[in-house]
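What follows is the residue order along each chain.
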Amino acid sequence: MFQTVSFQTVKNDVVCLTDSVQEIVKDAGVEDGICVIYCTHTTAGLITTSFGDKKGHEDIQDELRKLIPTRVDFKHQHDTPEDAAGHVKSALVGSSVTLFVENGELFIGNTKGVYFIEFDGPRERKVMVKVLRGA
């Protein structure tokens, strides 16, 4: 089963995808397997992290901005300096998350969620979700 989750972001947004992915897993009817969440965008990424405190999401964005600040000396200047910084952040964070499906549910832990992390924006965004039955 393959589904798309579409949403609108704001600049440097962190969007919780956990509920949408959980619903897709349940609808798939797969008892045991894996779920792959994939981001097709080059200035965004996917992470799993705690959902307990939204300030933690701000910390992640703040620290990534410190590591890879927007600069005018990027060799890649196709769009804007922020676009170039977004490409580097995306490459470091990653564009996919793979999780187990156990007993028909996403196996992610009690305090962890799946998040889309925006390095540009605002944008119309989408992620692809594929649920695969185990052997």
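For the structure, see preceding data.
Each chain has its residues counted from 1, running along the sequence as written. Per-residue local features of the predicted model are confined to residues with pLDDT of at least 70, and side-chain atom pairs are confined, for both listing and counting, to 80 or more; whole-chain, interface and lining totals are unaffected and use all residues. Side-chain measures were taken over the full set of non-hydrogen atoms in the model, leaving aside hydrogen atoms and water.

Please explain the overall build of the protein chain as it appears in this structure.
Only DSSP runs of H or I with at least four residues qualify as helices, and only runs of E with at least two residues qualify as strands; both kinds are numbered from the N terminus onward. Each helix and strand counted, the protein chain has three helices and eight strands in total. The size measure is the radius of gyration over C-alpha atoms, and the globule rule it meets is 2.2 Å times the number of residues to the 0.38 power. Relative to a compact globule of 135 residues, whose C-alpha radius of gyration would be 14 Å, the protein chain shows 16 Å and is just as compact. Along the longest, intermediate and shortest principal axes, the C-alpha atoms of the protein chain span 50 × 30 × 25 Å. Residue exposure (1.4 Å probe, protein chains only): buried if accessible area is under 20% of the type maximum, exposed if over 50%, otherwise partly exposed. Burial analysis of the protein chain (135 residues in total) assigns 41% to the buried set. The contact criterion used throughout is that any non-hydrogen atoms of two residues lie within 4.5 Å. Of the contacts formed within the protein chain by residues at least 6 apart in sequence, a portion of 82% connects residues at least 24 apart.

Looking at this structure, how should I read unusual backbone geometry?
Residue P122 follows G121 across a cis peptide bond; omega there is 0°. Within the secondary structure layout, P122 lies in the loop between β7 (112-118) and β8 (124-133). Backbone geometry at N12 places phi at a positive 55°, although glycine is not the residue there. Take N12: it is sitting in the loop between β1 (2-8) and β2 (14-16).

Could you clarify how one ought to interpret the pairing of β7 in this entry?
Two faces make up the sheet, and in a regular strand the side chains alternate between them. Within β7, six of the seven residues are buried, leaving the element largely enclosed by the surrounding structure. Strand pairing is defined by DSSP finding a minimum of two bridges between the two strands. Pairing analysis gives three bridges linking β2 to β7, with the strands arranged antiparallel. Among the inter-strand pairings, V15 is bridged to a residue of β7, identified as F116.

Please explain the pairing of strand β5 (residues 96-102) as it appears in this structure.
Inspection of the sheet shows strand β3 (residues 32-39) paired to β5 by seven bridges, in the antiparallel sense. Bridge pairing in β5 places G33 opposite V101. When β5 meets strand β6 (residues 105-107), the two strands line up antiparallel, connected through three bridges. Bridge pairing links V101 to L106 in β6. The hairpin formed by β5 and β6 contains two residues between the paired strands, and N103 there has a positive phi angle of roughly 55°.

Please clarify how the environment of H78 should be interpreted in this entry.
Its location among the elements puts H78 in the loop between α2 (54-67) and α3 (81-93). Distance from H78 to D120, taken between C-alpha atoms, is 14 Å for residues 42 residues apart in sequence.

I would appreciate a short explanation of the sheet that holds β3 in the present structure.
Sheet strands associate in pairs through backbone hydrogen bonding, adopting either a parallel or an antiparallel arrangement. Taken in spatial order, the five strands of this open sheet run β1-β8-β3-β5-β6, and their pairing is antiparallel. The open sheet has two edge strands with one neighbour each: β1 and β6. Neighbour to neighbour, the strand axes of the sheet diverge by 30° on average, direction disregarded. Where helices are involved, their axes are fitted lines through C-alpha atoms of the stretch in contact, as for all axes, and angles between N-to-C directions lie from 0 to 180°.

Can you walk me through the pattern of salt bridges in this structure?
Salt bridge, as used here: a side-chain nitrogen of Lys or Arg that lies within 4 Å of a carboxyl oxygen of Asp or Glu. Under the criterion given, the structure shown has five salt bridges. A salt bridge links R65 to D62, with the nearest nitrogen and oxygen atoms 2.7 Å apart. Of the two residues, R65 and D62 are both situated in helix α2; the distance of three residues between them amounts to about one turn of the helix. On the basis of relative accessibility, which here comes to 30%, the residue R65 falls in the partly exposed class. Close ionic contact of E118 with R125 constitutes a salt bridge, the shortest N to O distance being 2.6 Å. No difference in accessibility class separates E118 from R125, as the two residues are buried.

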